[in-house]
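# A look at the structure
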Amino acid sequence: MTVQQGGILQVYHTGPLCVAGFGGRDILDTFSVKDIRDELLKLVKESHCETLAIDLTGVKLIPSGMLGLLASMRDLNIEIHLYNASDDIREVLEITKLNQFMHLHDVEIPY
């Protein structure tokens, strides 16, 4: 498995299952939602992604625009899996009921 870098996302796998993350960086402090949206949509379309797994390790909060983007991916028939979401992110997903269609997982990441 190779890691593709060069943009906002670190892409670990492409194809029907796309796995990407932010390299442990907090997206609120580093990137604009528009840039993240553009890169995610490009990844999904070019890879013919059916399932998108996003590693949120190190991400404290998700901007509302990012939540809207993830919610809108249902229109593209993309299944969303979020890994290592912070307690604050989990709480927002529960309040907004987005956790009903986004699968949440915790995986220990060895450093």
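Now for a quick tour of the structure. Each chain carries its own residue numbering, running from 1 in the written order of its sequence. Totals for whole chains, interfaces and linings use every residue, but because this is a predicted model, local features are given only for residues with pLDDT of at least 70 and side-chain atom pairs only at 80 or more, for both listing and counting. Note: side-chain values were computed over all heavy atoms of the structure, leaving out hydrogens and water.

## A few points about the packing of aromatic side chains
Any Phe, Tyr or Trp ring, taking Trp's six-membered ring, that has another such ring centre within 6.5 Å forms a pair; planes under 30 degrees apart are called stacked, those over 60 apart edge-to-face, and the others tilted. Across all of its chains, the model carries zero aromatic pairs by this definition. Remark: a charge is flagged as sitting over a ring if the NZ atom of Lys or the CZ atom of Arg is within 6 Å of the ring centre and within 35 degrees of the ring normal. We note Arg74 situated over the ring of Phe101; from NZ or CZ to the ring centre the distance is 4.0 Å.

## What to know about helix α2 (residues 33–47)
Helix and strand assignments follow DSSP, with helices taken as H or I runs no shorter than four residues and strands as E runs no shorter than two, numbered in order from the N terminus. What a helix should span is 1.5 Å times the count of its residues minus one. Taking 1.5 Å of rise per residue, the 15 residues of α2 would be expected to cover 21 Å, and the 21 Å separating its terminal C-alpha atoms lies within 8% of that figure. All buried positions along α2 are accounted for by Ile36, Leu40, Leu43, Val44 and Ser47. Down the axis of α2, the sector holding all buried residues measures 95 degrees, keeping them to one side. Those residues of α2 that are exposed and angled more than 90 degrees off the buried face are Lys42, Lys45 and Glu46. One or two residues past the end of α2 sits His48, with phi positive at roughly 55 degrees. Exposure classes here rest on a 1.4 Å probe applied to the protein chains alone. A residue is buried below 20% of its type maximum, exposed above 50%, and partly exposed in between. To obtain the arc, one takes the directions from the helix axis to the C-beta atoms.

## Some thoughts on the pairing of strand β1 (residues 10–13)
By the convention used here, strands pair only if DSSP detects at least 2 bridges between them. Pairing between β1 and strand β2 (residues 17–21): three bridges, direction antiparallel. Along β2, the bridge assignment pairs His13 with Val19. In textbook terms, the turn of a hairpin is the stretch between consecutive antiparallel strands, and for β1 and β2 this stretch comprises three residues, one of which, Gly15, has a positive phi near 125 degrees.

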